[in-house]
Amino acid sequence: QVQLVESGGGLVQAGGSLRLACAASGRTISRYAMGWFRQAPGKAREFVAHISWSGGSIYYADSVKGRFTISRDNAKNTGYLQMNSLKPEDTAVYYCAAQMMDGSEFSVRSSAEYRYWGQGTQVTVSS
């Protein structure tokens, strides 16, 4: 089992920045991929970014490409989402998710592919 806890959310003005962190505990010695998703009021949960265990494979949603950067520090069992040039439409609850890798095909943009989820952290961007 892997437990995930997000932190770093808050209220910022448009154009500002936030860095979210995702601390993993429990069975963290196994290789796992990590993703970030978000859910805004009235909208479905959507994919934001993904990073493989090694950091060699990274994917972003088109809506955040060029503004957000996903990273991880496996020695600290922590993943990060640096969010720059924030827009009001980025307002949402942001969730960290993880899945153990077994070598099979993995659809990184699908929330159903991730077994472990954090409780979420609120990000609010004012105009």
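Just so it is clear, the structure is predicted and the values come from calculations on it, not from any experiment.

1. Details of the overall build of the protein
- When helices and strands are tallied, the protein shows zero helices and eleven strands.
- A principal-axis box enclosing the C-alpha atoms of the protein has dimensions of 45 × 25 × 25 Å.
- Looking at the 127 residues of the protein, the share that counts as buried comes to 43%.
- The contacts of the protein with a sequence gap of at least 6 include a subset with a gap of at least 24, amounting to 58%.

2. Here we look at the environment of V5
- Topologically, V5 is positioned in strand β1 (residues 2-7).
- With relative accessibility at 53%, the residue V5 sits in the exposed group.
- When sequence neighbours within four positions are dropped, the list of residues in contact with V5 reads A21, C22 and A23.

3. Thoughts on unusual backbone geometry
- Even without being glycine, N77 reaches a positive phi, approximately 55 degrees.
- Its place among the elements puts N77 in the loop between β7 (68-73) and β8 (78-83).
- Note on N77: relative accessible area 22%, which makes it partly exposed.
- A positive phi is found at S85, a non-glycine position, where the angle reads about 50 degrees.
- Mapped onto the elements of the fold, S85 is located in the loop between β8 and β9 (92-100).
- The exposure class of S85 is partly exposed, given its relative accessible area of 42%.

4. What to know about the pairing of strand β11 (residues 121-126)
- Residues of β11 alternate between two faces, with T121, V123 and V125 buried on one and Q122, T124 and S126 left unburied on the opposite face.
- Across four bridges, strand β2 (residues 10-13) lies against β11 in parallel orientation. Considered in β11, the bridge of G10 is made with V123.
- For β9 and β11, the ladder comprises three bridges, and the chain directions are antiparallel. Within β11, the residue paired with A92 across the bridge is V123.

5. Details of the side chain of S52
- Tracing the backbone through its elements, the reader meets S52 in the loop between β5 (46-51) and β6 (58-60).
- A relative accessible area of 14% means that S52 is categorised as buried.
- If sequence neighbours within four positions are ignored, S52 has contacts with A33, S57 and R72.

What counts and how
- Residues numbered from 1 in each chain as written.
- Predicted model: local features only at pLDDT ≥ 70, side-chain atom pairs only at ≥ 80, totals over all residues.
- Heavy atoms only, no water.
- Helix = DSSP H or I, 4+ residues; strand = E, 2+ residues; numbered from the N terminus.
- Buried < 20%, exposed > 50% of the residue type's maximum accessible area, 1.4 Å probe, protein only.
- Contact = heavy atoms within 4.5 Å.
- Pairing = 2+ DSSP bridges.

Bear in mind that shape data such as this cannot, by itself, settle questions of function.
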